[in-house]
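Close look at the chain arrangement
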Amino acid sequence: MRKFDKFNKYDLRWTMSLFGTAVGAGILFLPIKAGAGGIWPVFVMAILAFPMAFLSHRALARFCNASAKEQSDITDVCEEYFGFKWGYVITFLYFFAFFPACIMYGVGITNTVISFMTYQLGFDELNRFLVCFIVITLMMFVMIFNEDLVIKVCEWLVYPLCTLLLIFSLYLVPHWKFDVFSYVPSIESFGITIWFALPVLAFAFEHTPAISTFALSMQRHYGDKYKDYKCNQILFYNAGLLLFFVMFFVISCVLSLDRNDFLLAAEQNIPIVSYFANKLNEPLISYFGPIIAILAISTSFFGHYFGAKEGLNGLVHKTCVKFGKKEPNKKKIAKITAISFYIVMFVLSYLNPSILGIIDTLAGPVIAAILFLLPMIGIYNVLALKKYRSKFADLFVVLFGSATILTVLFKIF
């Protein structure tokens, strides 16, 4: 066995970090989106989930790793491959993919806190403005700390999150209703349920904002000779871990509720665990449900915030280069970015837009364009990426990404 073949502690840290970035609002809202169609479409989603997660993130990691520049983030890589004009457009999409996700996490965690205080703690007539101010301020306050420290804390939080997700899924087993297997939707309804769940399914498994940093880390730690091998290994284990935890959680939720319950959860705009906490009224679920939601949303928010910040900083830098100005002060940009994020997140968390609506029309499709289509365009147009071509895998990724994006066009027209 070669020195780097063995899966080590460094690899485990990255596996759990990627897992923590993926597990957020997506997993908490996927049962709501998929559950109304019954259990059978969920099994098909489980079959699609592993190759979707592994192949797409592997392609994006290769896209970043093939760059001739050292220590380049994804925005620099896009400019290197496609030139300034298209690099600028892709950088904008990169930012636009993760900023709506940050907004969604702000709305999700605010609604979770309000639901918990109302149903479990018995508070009446909560002031949403005040709750939003406290929650969003605390979330953004964490971001003033050193980035490495925030990432380490997220890594620590992933382990209790995994444990709580598994306990929650197992706790629901006595509530399973096996009569749901008797409901078999029509072929048309079956297909539409799966198709319209694709944005949420992709979002539940994606850890795109961490891939650029992950690829750079593999380059630094393992060098050019082993970086692709270790990327494949870590992403494979991570996809397997996500498949088990996410789909077991989703299946357990779908088996425990009626189809109308998922429509009610969507109307209330709360994570599925908060809906369970309110419906079952059992002490363990009542308190652990909101804790799972807060942990999941928090760890995922931090990862997506770094991705959005990376995209916005890239936009500012490219704009300054285009207009011939000196490179701006990075600390000043960071402050302006943080203040802008804070104001927008606070306002929209107060307005309470539909989380599933954000995933369906903004976050899911744009992330699909970055995660599924961008690497494929690079692989078939950039010489340095030619070695990564694999027709069957590439076709699956393109079809999955295209179908996800088409859901938006279908709804518009």
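Just so you know, these numbers come straight off a predicted model, no measurement behind them.

Some details on the layout of surface pockets
For the second largest pocket, the calculated volume is near 190 Å³. Along the walls of the second largest pocket sit Phe82, Trp86, Val89, Ile90, Leu93, Ala369, Ile370, Leu373, Leu374 and Ile377, which together make up its complete lining. Of all the elements in the fold, those that place two or more residues in the lining of the second largest pocket are α4 (74-120) and α13 (355-379).

Describing the pattern of salt bridges
Applying the stated criterion to the full structure yields 4 salt bridges. In this structure, Asp11 and Lys230 form a salt bridge, with 2.7 Å as the shortest nitrogen-oxygen distance. Taken together, the positions of Asp11 in helix α1 (residues 9-22) and Lys230 in helix α8 (residues 208-256) put the pair 219 residues apart, joining distant regions of the chain. The pair Asp11 / Lys230 is uniform in exposure class, with both members buried. Salt-bridge contacts for Lys279 lead to Asp261; the nearest nitrogen and oxygen are separated by 3.5 Å. Taken together, the residues span a long stretch of sequence, with Lys279 in helix α10 (residues 272-280) and Asp261 in helix α9 (residues 259-268) at a distance of 18 residues. On the basis of relative accessibility, which here comes to 41%, the residue Lys279 falls in the partly exposed class.

With respect to the packing of aromatic side chains
Tallying each qualifying case throughout the model produces 40 aromatic pairs. By the ring-pair criterion, three or more aromatic residues cluster together here, those being Phe95, Phe99, Phe301, Phe302, Tyr305 and Phe341. The ring of Tyr183 has Arg259 sitting right over it, with the charged end atom 3.8 Å from the ring centre.

Here's the deal with a nonpolar patch on the surface
Nonpolar side chains collect at one region of the surface, where Phe129, Ile339, Ile343, Val347, Tyr350 and Leu351 lie side by side and expose about 590 Å² of accessible area between them. It is helix α12 (residues 330-351) that provides the largest number of residues to the nonpolar patch, a total of 5 residues. Positionally, Phe129 belongs in helix α5 (residues 128-142). Residue Phe129 is classed as partly exposed on the basis of its relative accessible area, which comes to 45%.

Some remarks on α1
Compared with an ideal rise of 1.5 Å per residue, which puts 14 residues at 20 Å, α1 spans 20 Å between its outermost C-alpha atoms and is within 8% of the ideal. A large share of α1 lies buried, amounting to 10 of its 14 residues. Regarding α1, its N-cap is Asn8, as a side-chain oxygen of that residue lies 3.0 Å from the backbone nitrogen of Tyr10 further along.

Side note on the environment of Ile292
Its location among the elements puts Ile292 in helix α11 (residues 283-322). Residue classification places Ile292 among the buried positions, given a relative accessible area of 1%. Residues Ile292 and Ala308 lie 16 residues apart in sequence; the distance between their C-alpha atoms is 24 Å. In this structure, Ile292 is in contact with Leu161, Leu164, Leu165, Phe168 and Val273, ignoring residues within four places of it in sequence.

Examining the side chain of Asn111
Residue position: Asn111 is located in helix α4. Assessed through its relative accessible area of 5%, Asn111 is described here as buried. Here the side chain of Asn111 touches Asn269 through a polar contact of 3.0 Å, landing on its backbone oxygen. A polar side-chain atom of Asn111 sits 2.8 Å from a polar atom in the side chain of Asn352. Not counting residues up to four positions away in its chain, the partners in contact with Asn111 are Arg128, Asn269, Ile270 and Asn352.

Structural notes on the packing of helix α2 (residues 25-35) against α8
α8 packs onto α2 with a crossing angle of 45° between their chain directions and a minimal axis gap of 9 Å. Overall, the two elements α2 and α8 adopt an arrangement that is oblique. Remark: the crossing between α2 and α8 carries right-handed chirality. Residues Ile27, Leu28, Leu30, Pro31 and Gly35 of α2 form the contact with α8, whose participating residues are Phe245, Val246, Met247, Phe249, Val250, Cys253 and Val254.

Here we look at unusual backbone geometry
Phi at Asn269 takes a positive value of approximately 60°, unusual for a residue other than glycine. Along the chain, the position of Asn269 falls in the loop between α9 and α10. Positive phi, normally seen in glycine, also occurs at Asn352, with a value near 60°. Within the element layout of this structure, Asn352 appears in the loop between α12 and α13.

A short note on empty space enclosed by the protein
Under the defined criterion, the tally for this structure stands at 2 cavities of 30 Å³ or more. Taken as a whole, the largest cavity holds about 60 Å³ of empty space. Considering the residues around the largest cavity, the lining is formed by Leu55, Arg58, Ala59, Arg62, Met376, Ile379, Tyr388, Ser390, Ala393, Asp394 and Val397. Tallying contributions element by element places helix α3 (residues 39-65) first for the lining of the largest cavity, with 4 residues. When the residues that make up the lining of the largest cavity are grouped by side-chain class, the tally is 7 nonpolar, 1 polar and 3 charged. In this structure, the second largest cavity encloses a volume near 40 Å³. Every residue lining the second largest cavity is listed: Leu164, Ile167, Phe168, Tyr171, Leu284, Ile285, Phe288 and Ile292. Secondary-structure elements contributing two or more residues to the lining of the second largest cavity are α6 (147-171) and α11.

Observations regarding the side chain of Asp261
Owing to a relative accessible area of 6%, Asp261 belongs among the buried residues under this scheme. For Asp261, the side chain forms a polar contact with the side chain of Tyr275, separated by 2.7 Å. Residue contacts for Asp261: discarding those within four places in its chain leaves Tyr275 and Lys279.

Calculation criteria
Residues numbered from 1 in each chain as written. Predicted model: local features only at pLDDT ≥ 70, side-chain atom pairs only at ≥ 80, totals over all residues. Heavy atoms only, no water. 1 Å grid on protein atoms, 1.4 Å probe; cavity = no way out; pocket = protein on both sides within 12 Å on 5 of 7 lines; lining within 4 Å. Points joined across faces, edges and corners; volume = space filled by probe spheres on them. Helix = DSSP H or I, 4+ residues; strand = E, 2+ residues; numbered from the N terminus. Salt bridge = Lys/Arg side-chain N within 4 Å of Asp/Glu carboxyl O. Buried < 20%, exposed > 50% of the residue type's maximum accessible area, 1.4 Å probe, protein only. Phe/Tyr/Trp six-rings, centres within 6.5 Å; stacked < 30°, edge-to-face > 60°. Lys NZ or Arg CZ within 6 Å of the ring centre and 35° of its normal. Patch = residues over 30% accessible without salt bridge, like charges linked within 9 Å, V, L, I, M, F, W, Y side chains within 5 Å. Areas by Shrake-Rupley, 256 points an atom, 1.4 Å probe, with all protein chains shown as cover. Expected span 1.5 Å × (residues − 1). Polar contact = N/O pair within 3.5 Å; in protein donor to acceptor, adjacent residues only side chain to side chain. Contact = heavy atoms within 4.5 Å. Axes fitted to C-alpha atoms, helices over the stretch in contact; angles between N-to-C directions. Parallel < 35°, antiparallel > 145°, perpendicular 65-115°, else oblique. Left-handed = near helix turned anticlockwise from the far one by under 90°. Nonpolar A, V, L, I, M, F, W, Y, C, P; charged D, E, K, R; others polar.

Just geometry here; none of it tells us what the structure is for.
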